[in-house]
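# Descriptive analysis of the structure
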Amino acid sequence: MFGDMMGMMGKLKETQQKVEETKKRLDTVTLEEHSPESLVKVVITANRSIKEINIDDSLLSDKDQLEDYLILAINKAIEKATQVNENELAAVAKDGMPNIPGLDGLFK
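What you are looking at is a predicted structure, and each value in this text was computed from that prediction instead of being measured. (Residues numbered from 1 in each chain as written. Predicted model: local features only at pLDDT ≥ 70, side-chain atom pairs only at ≥ 80, totals over all residues. Heavy atoms only, no water.)

### A look at a nonpolar patch on the surface
There is a patch of nonpolar side chains on the surface, built from I50, I53, I55 and L60 and spanning about 330 Å² of accessible area. Checked against the element boundaries, I50 lands in strand β3 (residues 50-55). (Patch = residues over 30% accessible without salt bridge, like charges linked within 9 Å, V, L, I, M, F, W, Y side chains within 5 Å. Areas by Shrake-Rupley, 256 points an atom, 1.4 Å probe, with all protein chains shown as cover. Salt bridge = Lys/Arg side-chain N within 4 Å of Asp/Glu carboxyl O. Helix = DSSP H or I, 4+ residues; strand = E, 2+ residues; numbered from the N terminus.)

Quick look at the structure:
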């Protein structure tokens with residue numbers, strides 16, 4: 001019994017380390033999202049850190065449209081990054097979890 005418990009604890013610690021490594025790796029994964037007509041481009045990491053925003057010069061004279069396009073592009077980028085982040089971390093957690101009855105439905 002204690003051997004099983006020690007094995008599970010070791011597996012959990014290993015999984016925690018893999019999750020941390022995955023989080024660091026996700027800092028290097030970049031995603032790109034665009035506004036309508038590609039007038040605004042947002043580059044974001046999978047950990048939801050914005051790295052770059054490019055704005056077409058034609059938007060500089062229309063503050064309202066620029067603000068709308070920024071909001072659209074940033075929200076789409078955050079949504080995409082969140083999905084990648086959650087999928088990657090869930091996969092690592094699922095692969096590393098010990099076989100504990102009742103917990104198998106938590107990581108789908």
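### Topic: unusual backbone geometry
The phi torsion at E37 lies on the positive side, around 65 degrees, for a residue other than glycine. With respect to the secondary-structure elements, E37 resides in the loop between β1 (30-34) and β2 (40-45). Here the phi dihedral of R48 falls at roughly 65 degrees; this positive angle occurs in a residue that is not glycine. Within the secondary structure layout, R48 lies in the loop between β2 and β3.

### A closer look at the pattern of salt bridges
For the structure shown, the criterion picks out eight salt bridges. The salt bridge involving E20 is made with K23; its shortest N-O contact spans 3.7 Å. Note that E20 and K23 are positioned in helix α1 (residues 2-26) at a spacing of three residues, about one turn of the helix. For K80, the salt bridge is made with E33, and the minimal N-O distance between the two is 3.1 Å. Taken together, the residues span a long stretch of sequence, with K80 in helix α2 (residues 63-96) and E33 in strand β1 at a distance of 47 residues. Accessibility expressed as a relative area gives 14% for E33, which makes it buried. Connected via shared salt-bridge partners are E32, K41 and E52. (Buried < 20%, exposed > 50% of the residue type's maximum accessible area, 1.4 Å probe, protein only.)

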